[in-house]
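# Commentary on secondary and tertiary structure
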Amino acid sequence: PHQRAGPSTGAGGVDRGTAGQPGGGVGQGVEVGVGGVGVERHGVALGIGLLISTVSTTQAQAMQASLFVMLPSILLSGFMFPRESMPTILQWLTNVVPLTYFLQILRGIILKGNGLEQLWGQTIPLAIFGFAIFYSKGKIFFKLFVQSFS
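Here's what I pulled together on the structure shown here. (Residues numbered from 1 in each chain as written. Predicted model: local features only at pLDDT ≥ 70, side-chain atom pairs only at ≥ 80, totals over all residues. Heavy atoms only, no water.)

### Let's talk about the packing of aromatic side chains
Scanning the model with the defined rule gives four aromatic pairs in all. A centroid spacing of 6.0 Å and a plane angle of 40° characterise the contact between Tyr101 and Phe129, whose relative ring orientation is tilted. Placement of Tyr101 in helix α4 (residues 98-112) and of Phe129 in helix α5 (residues 120-148) is noted, with a sequence separation of 28 residues between them. Exposure class is identical for Tyr101 and Phe129. Each is buried. Here the aromatic rings of Phe145 and Phe149 are separated by 5.0 Å at their centres, their planes lie at 75°, and the arrangement is edge-to-face. Positioned above the aromatic ring of Phe141 is the side chain of Lys137, whose terminal nitrogen or guanidinium carbon lies 4.3 Å from the ring centre. (Phe/Tyr/Trp six-rings, centres within 6.5 Å; stacked < 30°, edge-to-face > 60°. Helix = DSSP H or I, 4+ residues; strand = E, 2+ residues; numbered from the N terminus. Buried < 20%, exposed > 50% of the residue type's maximum accessible area, 1.4 Å probe, protein only. Lys NZ or Arg CZ within 6 Å of the ring centre and 35° of its normal.)

Following this line, the structure appears as C-alpha cells:
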C-alpha cells in the first residue's frame, strides 16, 4: 500500500485514501460507523452483564448465566450459521437476539460501505434492546436494594 502521513493515515501508517484513490472506496468511514454503533452494542452487552450480575448470587452462577446468554446468541445471530438456512421458528427467534442486529450493521458497514442512514432498521432495535435491558436491570437492582434494607 501507499505510505502517506496525514489525517487519512490509519494504524501502521497505511494510507486509507478516499473514494477514487488507492485504498479508498467501500471501507471509507468504517471507523466512524462501526464506532458509533459499537458504542450501542457495548451498551447492550454491558446491560446484559449488569443484569446477570444483579440476579446472580455467586460467581459460578454468573458464569453459567452468561454462557446461557452467550451461546444461543452466537449460534442464532447468523455469525456461525446463515439465518436463512435455519428452520422458520428459529428464524423468528433470531429477532430477539441483539447480536443479530449488530452483525447486520457490521456487515453493512464493512462489506457494503453502508452508512447509518441505510442501517436504521437494525440500529433502532439494538437501541430498544439496550434501553429495555438497562431499564429491567435498574428495576431489579432497585427492588433488591430496597429489600436489603427491609
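### Some remarks on α4
For α4, with 15 residues, the first-to-last C-alpha span of 21 Å sits near the 21 Å given by 1.5 Å per residue. The set of residues buried in α4 consists of Pro98, Leu99, Thr100, Tyr101, Phe102, Leu103, Ile105, Gly108 and Ile109. (Expected span 1.5 Å × (residues − 1).)

### Some points on the side chain of Ser56
Structurally, the position occupied by Ser56 is in the loop between α1 (30-55) and α2 (59-76). A relative accessible area of 13% means that Ser56 is categorised as buried. A distance of 2.6 Å separates the side chain of Ser56 from the backbone oxygen of Ile52, its partner in a polar contact. With near-sequence residues (within four places) excluded, Ser56 lies in contact with Gln61 and Ala62. (Polar contact = N/O pair within 3.5 Å; in protein donor to acceptor, adjacent residues only side chain to side chain. Contact = heavy atoms within 4.5 Å.)

### Description of the nonpolar core
Formed by 14 residues in total, the largest nonpolar core has its most connected members in Val44, Leu99, Ile105 and Leu126. At the level of elements, α4 and α5 are the ones that each hand at least two residues to this core. Looking at this core, the element that brings in the most residues is α4, giving six residues. Apart from residues lying up to four places away in sequence, Leu99 is in contact with Arg41, Ser73, Ile74 and Ser77. (Core = buried A, V, L, I, M, F, W, Y, C linked by side-chain atoms within 4.5 Å.)

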